[in-house]
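Chains, contacts and geometry: an overview
Residues per chain, in single letters:
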Amino acid sequence: MTPKQRVHAALRREPVDRVPIFMWFHPETCTLLADLLEIPPACLDDVMGNDVRMTWVNNNYAMEGIVHERDGESHVDLWGIEWTKQGPYNQVTHFPLLEASPDELRRYRFPIEHKEFLLARMDPVVATADEQFIGCDVSPCVFEMYWRLRGLDRTLLEMAAEPELTGEMFARSADFAVELSEEACRRFPLDWLWSGDDVASQKSMMMSPATWRAMIRPHQQRVFDVGKAHGLWVAHHCCGALRPIIPDLVEMGLDVLNPVQCTCPGMDPLELKREFGGVLAFMGGVDTQGVLPNGSVDDVRRATRRLIDGMTADGGGYILAASHTIPPETPVDNIFAMYQEAGITREEIFDQAARVRAGLAEPG
């Protein structure tokens, strides 16, 4: 099966030759694996058997797509947000609308003039569309996009104190995501539209489910509707303990939920599969905080096998993926053990790396 065929079949709960894989590696993990396999980091998806090709066209490009080498290095993105490398990840260190007045908020312009630059990030992804399953990531869409501009604490406060103004800014954040979604769906041979909005912490929702339903759901729905109107699968990313709103996401037409952070309350993957597996597919569930980085090879193999067996008990509806980017402290033997249980051996990975090296060495 081609990767495209494999993912579509799994989402339709049809037989597949192996579980589909879409693994995210921290940039430092990418470098470690690429050095071990003696390949360029850009070839890692091919060598490690990733079945999905996707990139960011909204603000997550600024968070994850720009990589700094040293702590303290910064950049200011097209939205005016300053990001600084702090430990393994870029963090917001300046919120451009933190002190803005209501009039200044309303005058703020999303970077629509840079739409062509942002969408051009899809060009190398689309080049693989004949065989790969292709996605476009338009996240963050509503709440998360706005708090990156206004500040998290202030956004949460003003959801209660200034709901009309905050709702207006949520709508404008979603407008930009909808515009990118419409253009991407018109231009590119997509297999899914990828949405995202982190509205939960590791312990609970950041706001009440009722507030989410009143202020955020209608705008998130508009993004989902674009993918549905174009006949695509719709996938959605939300970290944390979002169990109270999963029924809402199903009602909204969601097809695939990611990342299923199994250490959060209410987010045990097998329990979610039993409750929602008939109407919702899942991508994620590999524990990147406990077992994968800290367990033994046998621990990883047992946990991965239990996860795959449980999540595919109805014949499919699952893509193997980590609950976060795989951190650089993860032993490579544990990574290979996880892949072994997914049907790709260490030997196959090294053989594929050798083929990639040979191809790169050919003249022309």
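Summarised in this report is the structure supplied together with it.

Rules used in this analysis
- Residues numbered from 1 in each chain as written.
- Predicted model: local features only at pLDDT ≥ 70, side-chain atom pairs only at ≥ 80, totals over all residues.
- Heavy atoms only, no water.
- Salt bridge = Lys/Arg side-chain N within 4 Å of Asp/Glu carboxyl O.
- Helix = DSSP H or I, 4+ residues; strand = E, 2+ residues; numbered from the N terminus.
- Buried < 20%, exposed > 50% of the residue type's maximum accessible area, 1.4 Å probe, protein only.
- Pairing = 2+ DSSP bridges.
- Axes fitted to C-alpha atoms, helices over the stretch in contact; angles between N-to-C directions.
- Contact = heavy atoms within 4.5 Å.
- 1 Å grid on protein atoms, 1.4 Å probe; cavity = no way out; pocket = protein on both sides within 12 Å on 5 of 7 lines; lining within 4 Å.
- Points joined across faces, edges and corners; volume = space filled by probe spheres on them.
- Nonpolar A, V, L, I, M, F, W, Y, C, P; charged D, E, K, R; others polar.

1. Re the pattern of salt bridges
The full count for this structure, using the stated rule, is 34 salt bridges. Residue aspartate 314 pairs with arginine 13 through a salt bridge whose shortest N-O separation is 3.3 Å. Pair noted here: aspartate 314 is in the loop between α16 (297-311) and β10 (318-322) and arginine 13 is in the loop between α1 (3-11) and α2 (27-37), with a separation of 301 residues, a long-range link. Overall, arginine 13 belongs to the partly exposed group, its relative accessible area being 26%. Note that arginine 301 and glutamate 341 form a salt bridge whose closest N and O atoms lie 2.6 Å from each other. Here arginine 301 is found in helix α16, whereas its partner glutamate 341 is found in helix α17 (residues 332-342), with 40 residues between them in sequence. Overall, the relative accessible area of 34% leaves arginine 301 in the partly exposed class.

2. A word on the sheet that holds strand β1 (residues 52-56)
Pairing in this open sheet of 7 strands is parallel, and the strands run β1-β5-β6-β7-β8-β9-β10 from one edge to the other. Each edge of the sheet is formed by a strand with only one pairing partner; in this case those strands are β1 and β10. On average, each strand axis in the sheet is inclined to that of its neighbour by 25°, with strand direction left out of account. As paired strands, strand β7 (residues 233-237) and strand β8 (residues 256-258) are joined by 3 bridges and run parallel to one another. Along β8, the bridge assignment pairs alanine 235 with valine 256. In the packing of α1 onto the sheet, contacts are made with β1, β5 (133-137), β6 (192-196), β7, β8, β9 (281-286) and β10, and the angle to β5 comes to roughly 75°.

3. Here we look at the layout of surface pockets
Empty space within the second largest pocket amounts to approximately 230 Å³. Along its surface, the second largest pocket is lined by 15 residues, and Cys262, Gly285, Asp287, Ala303 and Leu307 are the ones closest to its centre. For the lining of the second largest pocket, the secondary structure elements donating two or more residues are α14 (269-276), β9, α15 (291-294) and α16. It is α16 that contributes the most residues to the lining of the second largest pocket, 5 residues altogether. Residue composition of the lining of the second largest pocket, by class: 10 nonpolar, 2 polar and 3 charged.

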